[in-house]
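Coordinate analysis (summary)
Residues per chain are reported as follows:
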Amino acid sequence: MTDGLLVREIEPADFDYIIRYWTGAGDAYLESLGVDLSKRPVAGDLRSMLEAQYTAPYLKKKSYALIWEAGGRTIGHCNINDISFGREAKMHLHIWEAADRRKGFGVPGIRWSVPLFFEKMKLERLYCEPHANNTAPNSALARAGFHFVKEYVTVPGPINFEQPVNQWLITRDDVKGMAG
């Protein structure tokens, strides 16, 4: 725990929070994240994915999530996907409620999550590619020690539309000085 934030591995009791986040978020908010609303995840698919993630050994995980808690409440999650065990993955950041955003949880959450991702998945590199116009994660990534690589246009994931993203990178050597 640091800065009032606790970072821990996901548990089955957390599944409903993540499902509510994705199925209950407003259209404008999801679009600001680059989500194609026609590809919005549905509850049953999310539950199946979370159950598979939870039960798979680290070596076989397709995604891996950590939960962020503040003040005794779960407030969000940080996850990786596109995992190439022992090599690299892509990270995503989500604070679920608007009231919990802009409270200073992003940077410490990243600093506590990243070393766990590197440890559990034996990573050498970790990328994060937020929408180029989404200032909160771009600012938090810079302050947390990620290096800006480039801005480019892509479809960053299976639920996204084509968009400009900023690619950020952190390496195993960078992580040595982080909390964790």
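Scroll up a little and you will see the structure.
Conventions and cut-offs
Residues numbered from 1 in each chain as written. Predicted model: local features only at pLDDT ≥ 70, side-chain atom pairs only at ≥ 80, totals over all residues. Heavy atoms only, no water. Disulfide = S-S within 2.5 Å. Buried < 20%, exposed > 50% of the residue type's maximum accessible area, 1.4 Å probe, protein only. Salt bridge = Lys/Arg side-chain N within 4 Å of Asp/Glu carboxyl O. Helix = DSSP H or I, 4+ residues; strand = E, 2+ residues; numbered from the N terminus. Phe/Tyr/Trp six-rings, centres within 6.5 Å; stacked < 30°, edge-to-face > 60°. Lys NZ or Arg CZ within 6 Å of the ring centre and 35° of its normal. Axes fitted to C-alpha atoms, helices over the stretch in contact; angles between N-to-C directions. Left-handed = near helix turned anticlockwise from the far one by under 90°. Contact = heavy atoms within 4.5 Å.

Section: the state of the cysteines
On inspection of all chains with the given rule, the structure shows 0 disulfides. Looking at cysteine 78, it has no disulfide partner, and the nearest cysteine sulfur is the one in cysteine 128, 7.5 Å off. By relative accessible area, cysteine 78 is classed as buried at 0%. The class of cysteine 128 is buried, set by a relative accessible area of 4%.

Focus: the pattern of salt bridges
In the structure shown here, the tally under the stated rule is 11 salt bridges. Measuring nitrogen to oxygen at the nearest pair gives 3.2 Å for the salt bridge that ties arginine 40 to aspartate 27. With a gap of 13 residues between them, arginine 40 in the loop between helix H2 (27-32) and helix H3 (43-55) and aspartate 27 in helix H2 connect regions that are remote in the sequence. Using a relative accessible area of 24% as the deciding quantity, one classes arginine 40 as partly exposed. Put simply, aspartate 82 and lysine 90 hold a salt bridge, and the shortest N to O gap is 3.9 Å.

Digging into the packing of aromatic side chains
Two aromatic rings, taken as a pair, are described by how far apart their centres are and by the angle between their planes. One pass over the structure, following the stated rule, counts 7 aromatic pairs. With 5.4 Å between their ring centres and 75° between their planes, phenylalanine 148 and tryptophan 168 make a pair best called edge-to-face. Note that phenylalanine 148 is positioned in strand E6 (residues 147-154) and tryptophan 168 in strand E7 (residues 163-171), a separation of 20 residues in sequence. When the ring centre of tyrosine 58 is taken as origin, the NZ or CZ atom of lysine 61, which lies over that ring, is 5.4 Å away. Above the ring of tyrosine 152, the side-chain terminus of lysine 150 is found at 4.6 Å from the ring centroid.

Some details on the packing of helix H1 (residues 15-24) against H3
Interaxial distance between H1 and H3 falls to 10 Å at its minimum, and their mutual angle equals 140°. For the pair H1 and H3, the sense of crossing is right-handed. Of H3, the residues touching H1 (which contributes Phe15, Asp16, Ile18, Ile19, Trp22 and Thr23) are Ala43, Leu46, Arg47, Leu50, Glu51 and Tyr54.

Everything listed here is a matter of geometry and, on its own, says nothing about what the molecule does.
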